[in-house]
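Fold and contact review
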Amino acid sequence: MKYIITESQYQELRKSTIRKFLRRVNHRLDEIVDESTQQTLQFFPNKDLIEMGGKNFTDRVIYDVFEYTYESYIEPDVVFSDEEQDIIKYYLYDRYFNHIRDEYLKRIE
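Figured I'd write up the structure that's included with this text. It should be emphasised that the depicted structure is a prediction, and the values quoted were computed from it without experimental measurement. (Residues numbered from 1 in each chain as written. Predicted model: local features only at pLDDT ≥ 70, side-chain atom pairs only at ≥ 80, totals over all residues. Heavy atoms only, no water.)

Attention shifts here to the overall build of the protein. For the protein, the count of helices and strands is three helices and zero strands. Of the regular secondary structure in the protein, the N- to C-terminal order runs α-α-α. Taken along the three principal axes of its C-alpha coordinates, the protein extends 45 × 25 × 20 Å. Within the protein, residue pairs in contact and separated by at least 24 positions form 79% of the contacts whose partners lie at least 6 positions apart. (Helix = DSSP H or I, 4+ residues; strand = E, 2+ residues; numbered from the N terminus. Contact = heavy atoms within 4.5 Å.)

Laid out in C-alpha cells, this is it:
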C-alpha cells in the first residue's frame with residue numbers, strides 16, 4: 001500500500017535514512033567508493049570504458065558501492081525499505097557523481 005506524504009515528511013525520512021546509513025559506513029565510505037571505482041576501471045579495457053560513457057560508468061560504480069555497503073555493513077541488522085534504498089542510492093549519486101566521473105575521465109584521456 002502506497003502512502004502520500006508531504007514534502008517535509010519526505011525530507012525527514014530522507015535525513016533519517018541517510019543518518020542511519022552513514023552511522024554504519026561513514027568512516028569507510030570514501031575509501032569504499034575509491035576502491036570500487038578503481039576496481040571497475042581495472043576490469044574494463046579503455047575501449048569498453050569509452051563505449052560505456054561517463055554516466056553509465058558512474059551509475060555502475062554507485063550501484064556496486066550500494067550493494068557492497070548494504071551487504072557488508074547493513075544486512076541483516078537493519079532492513080531498509082525499497083524507498084529508503086532509493087534514497088541511499090540518490091545520496092551516493094549526489095555525493096560522489098563528480099568524483100567518480102573525474103576518475104573515469106582521467107582514465108580514458
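Additional details are given in the paragraphs that follow.
Core analysis: the biggest nonpolar cluster contains 28 residues, and F21, L29, F57 and L92 have the highest contact counts within it. Contributions of two or more residues to this core are made by α1 (7–43), α2 (46–74) and α3 (82–108). Examining the composition of this core, we find that ten residues originate from one element, α2, more than from any other. If we ignore the near neighbours within four places in the chain, the residues touching L29 are F21, L22, V65, T69, Y91, L92, R95 and Y96. (Core = buried A, V, L, I, M, F, W, Y, C linked by side-chain atoms within 4.5 Å. Buried < 20%, exposed > 50% of the residue type's maximum accessible area, 1.4 Å probe, protein only.)

Right, let's talk about a nonpolar patch on the surface for a bit. Side chains of Y3, I5 and Y10 sit close together on the surface and give an oily, nonpolar patch of about 330 Å² of accessible area. By the secondary structure assignment, Y3 is in the segment before α1. (Patch = residues over 30% accessible without salt bridge, like charges linked within 9 Å, V, L, I, M, F, W, Y side chains within 5 Å. Areas by Shrake-Rupley, 256 points an atom, 1.4 Å probe, with all protein chains shown as cover. Salt bridge = Lys/Arg side-chain N within 4 Å of Asp/Glu carboxyl O.)

On to α1, then. Taking 1.5 Å as the rise per residue, α1 with 37 residues should run 54 Å; its terminal C-alpha atoms sit only 41 Å apart, a clear shortfall. Helix geometry: α1 is bent most strongly at V25, by close to 75°. (Expected span 1.5 Å × (residues − 1). Bend = angle between axes of the 7 residues up to and from the residue.)

Taken as a whole, α3 carries its principal kink of about 60° at Y96. Residues of α3 that are buried: E84, Q85, I87, I88, Y91, L92, Y96, F97, I100, E103 and Y104. Elements in contact with the buried residues of α3: α1 and α2.

Attention shifts here to the packing of aromatic side chains. Scanning the entire structure with this criterion turns up six aromatic pairs. Judged by centre distance (6.0 Å) and plane angle (50°), the rings of Y70 and F80 are tilted. Here the residue Y70 occupies a position in helix α2, and F80 occupies one in the loop between α2 and α3, the gap between them amounting to ten residues. By relative accessible area, Y70 is classed as buried at 7%. The buried category is assigned to F80, whose relative accessible area is 3%. (Phe/Tyr/Trp six-rings, centres within 6.5 Å; stacked < 30°, edge-to-face > 60°.)

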